[in-house]
Amino acid sequence: MDKTYNSSMKTAQTVILRIGLYVILSVFALYFLMPLFVMVTTSLKHLDEIRSGSLIALPRDITFDAWQIAWSQACTGIKCEGLSPYFWNSVSLAIPAVLLSTFIGALNGYVIAQWRFKGADIIFALMLFGCFIPFQVVLLPMAKLLGIMGLAGSIQGLIFVHVVYGIGFTTLFFRNYYVSISQELTKAAKIDGAGFFRIFWSIFLPLSLPIIVVTVIWQFTQIWNDFLFGVSFSQAGTQPVTVALNNIVNSTTGVKAYNVDMAAAIIAALPTLLVYILAGKYFIRGLTAGSVKG
Amino acid sequence: MNTILDIKNLHKNYGALNILKDVNVQIEEGDFLVLVGPSGCGKSTLLNCIAGLEEITSGSISIGERDMTSVSPKDRDIAMVFQSYALYPTMSVANNITFGMKVRGIDKATREAKLEQVAKQLQIEALLSRRPGQLSGGQRQRVAMGRALVRDPKLFLFDEPLSNLDAKLRVEMRTEIKKLHKELGASMVYVTHDQIEAMTLATKIVVMKGGVVQQIGTPSEIYTTPANLFVADFMGSPAMNLIPSKVKTNGKGCELVIDRGTEQPLVLHDTSAKNLPDEVIIGIRPEDIGDATLRKSKGLETSDCLVDVVEPAGADTYVLLSLGGKEVTARVPGDTKAASGERMTFTFNMSKLSYFDPQTGLRLN
């Protein structure tokens with residue numbers, strides 16, 4: 001009797017705890033989703049409706065005008081061509097910068113983890129240190145350097161900045177991944193006759209999918225969302241989408257078009273969301289890979 | 001016979017740390033050399049030096065009478081099997097085995113012929129399309145061997161290849177490696193910390209400790225005439241009994257007086273021993289201390305001793321007694337009547353004794 005009583009008590013307790021857990025999680029989820037909800041609904045409303053209605057009400061009649069305007073007509077300062085040119089600036093900036101920094105990070109990590117050399121630890125420590133240097137500190141020296149290199153104000157210049165700034169992180173990711181791989185693998189390949197790059201291409205890169213995904217997501221998010229480097233090292237025509245978004249939101253005269261602002265913000269945020277949705281499951285896996293053996 | 005491997009005065013330092021000190025080893029074609037010693041003795045480092053994966057500080061290494069000191073691993077005409085097998089995880093078994101040939105630009109037809117031959121030899125034909133992750137430990141071991149075999153090298157190197165296998169499989173693979181060695185007639189260098197592996201596989205054993213070679217010899221030389229206390233203690237299971245003893249020399253050889261605590265000392269006579277110091281450490285294998293049934297032959301000494309512990313092990317029984325303040329193991333037949341706490345007659349095979357200097361630990365006879 002006692003035993004069954006006890007165990008049914010226990011089940012009841014677990015159920016209540018479970019319910020409590022889900023309630024709390026749901027509240028948090030709602031809290032975090034609220035801004036997105038407001039953004040999406042607002043972007044689908046007419047301006048009149050925004051002015052008269054409640055902030056969290058659903059749109060009465062849905063319109064995509066604001067999205068249209070945000071994409072191709074909204075004014076960023078004097079020009080009124082919407083976000084689209086800047087969006088493509090960001091694309092042509094982020095893709096090469098992500099690929100380059102990921103590739104260099106992979107090569108660095110491979111060298112530091114598998115080809116031990118004198119001073120490897122110091123170099124790695126310095127690279128780690130590079131991860132923690134605040135953006136603001138490098139602004140002036142970087143501006144000077146870009147000037148000397150003749151890359152000031154260009155997309156190539158921004159790519160360069162992001163690659164340099166990202167190498168610290170990408171090296172860290174790859175080094176930690178490769179350090180968990182037995183050095184005997186490299187030794188075996190050396191005896192098989194493979195050289196430095198052959199071992200990298202044929203053995204380590206094919207092993208690296210999880211960490212490549214992590215690095216790509218990380219770097220893409222960083223570079224796409226960057227504002228400070230974008231606003232500092234670009235000029236009219238090479239600005240990334242984040243800067244353009246700021247200009248749209250801040251430089252409108254007259255009536256504030258909240259629906260356009262919201263649509264523009266969503267457009268600017270979409271690519272990172274998309275990358276995360278497509279590759280997210282690898283992200284979690286990759287972050288934990290290597291921490292557990294086997 | 002051709003000298004396949006010749007290591008002369010090899011030193012290896014990591015900074016100020018001496019890993020290997022003045023190593024001199026030579027093997028002939030067809031030899032199976034086993035480097036054995038406790039962990040940290042430098043045996044794996046020595047193997048890596050032979051492979052060219054580690055640079056040597058001084059001395060020389062030649063393989064097949066070619067100086068290898070500054071030759072890169074791929075040009076040393078060697079193949080190596082690693083402890084972790086080091087199979088390429090993203091490649092199929094077939095690609096693992098042929099990777100080396102591919103890198104060296106050997107044409108596809110030759111590669112496939114070689115692969116087929118080796119797969120047949122190791123009975124892994126059914127596994128060729130699998131990934132290493134889908135294989136069991138023993139299968140991975142075979143693939144790793146296949147990768148080495150397919151190269152047909154002058155010298156095979158094995159770095160503790162069996163230590164990741166379970167006990168039963170280890171014994172099976174040990175036998176297979178031995179068979180393979182016999183079939184191929186190849187020269188091999190094999191690193192292990194397991195002295196039984198060393199004894200069963202080797203034609204020549206190098207016992208190492210602290211980066212210094214302690215003894216080089218055939219398994220039976222190492223077993224019967226260990227060069228010092230370390231080798232005596234390390235090789236053989238159960239280990240050689242090492243018993244401190246006083247020595248009285250007279251006209252008929254030596255009288256060994258072994259302290260037995262409260263009892264009368266045990267006195268043994270060795271008529272063949274000469275020039276022993278006043279104190280020695282006697283080395284005697286468990287099988288050289290028997291009960292009264294030990295075959296009567298010359299040089300046997302008998303004595304009654306108190307039995308401390310009896311450990312039956314099937315065919316044999318190990319009887320533990322206390323001599324010279326040390327626990328001493330005797331190996332007697334399984335049907336012995338020995339019982340702990342009782343006295344029993346033991347027979348000591350004096351012709352098999354080793355004597356060691358208590359100070360230097362070196363062999364005296």
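Everything below is about the structure printed above this text.
The sections below set out a description of the structure shown in this document. (Residues numbered from 1 in each chain as written. Chains lettered and ligands numbered in written order. Predicted model: local features only at pLDDT ≥ 70, side-chain atom pairs only at ≥ 80, totals over all residues.)

**Structural notes on the overall build of chain A**
Helix and strand content of chain A: 13 helices and zero strands. Start at the N end of chain A and walk to the C end: the helices and strands fall as α-α-α-α-α-α-α-α-α-α-α-α-α. For chain A, the C-alpha radius of gyration of 25 Å lies well beyond 19 Å, the compact-globule estimate for 294 residues. With respect to the principal axes defined by its C-alpha atoms, chain A has extents near 85 × 75 × 30 Å. Of all 294 residues assigned to chain A, the portion counted as buried reaches 36%. In chain A, 77% of the contacts between residues at least 6 apart in sequence involve partners at least 24 apart. (Helix = DSSP H or I, 4+ residues; strand = E, 2+ residues; numbered from the N terminus. Rg over C-alpha atoms; globule rule 2.2 N^0.38 Å. Buried ≥ 20, exposed ≤ 12 C-beta atoms within 10 Å, placed from the backbone. Contact = placed C-beta atoms within 7 Å.)

**Looking at the pairing of strand β10 (residues 212-217) of chain B**
Residues and elements named next belong to chain B. Inspection of the sheet shows strand β9 (residues 204-209) paired to β10 by five bridges, in the antiparallel sense. Paired with V206 across the bridge in β10 is I216. The antiparallel hairpin formed by β9 and β10 contains two residues in its connecting segment, where G210 sits at a positive phi of about 55°. (Pairing = 2+ DSSP bridges.)

**Observations regarding the sheet that holds strand β8 (residues 187-192) of chain B**
Hydrogen bonds between backbone atoms are what pair the strands of a sheet, whose relative direction is either parallel or antiparallel. Residues and elements named next belong to chain B. Read across the open sheet, the six strands follow the order β6-β7-β8-β3-β9-β10; overall the sheet is mixed. Only two strands of the sheet have a single neighbouring strand rather than two, namely β6 (78-81) and β10. Ignoring which end each strand starts from, the neighbouring axes of this sheet average 15° apart. Where strand β3 (residues 32-36) lies against β9, four bridges are found, and the strand directions are parallel. The partner of V34 across the bridge, within β9, is I205. (Axes fitted to C-alpha atoms, helices over the stretch in contact; angles between N-to-C directions.)

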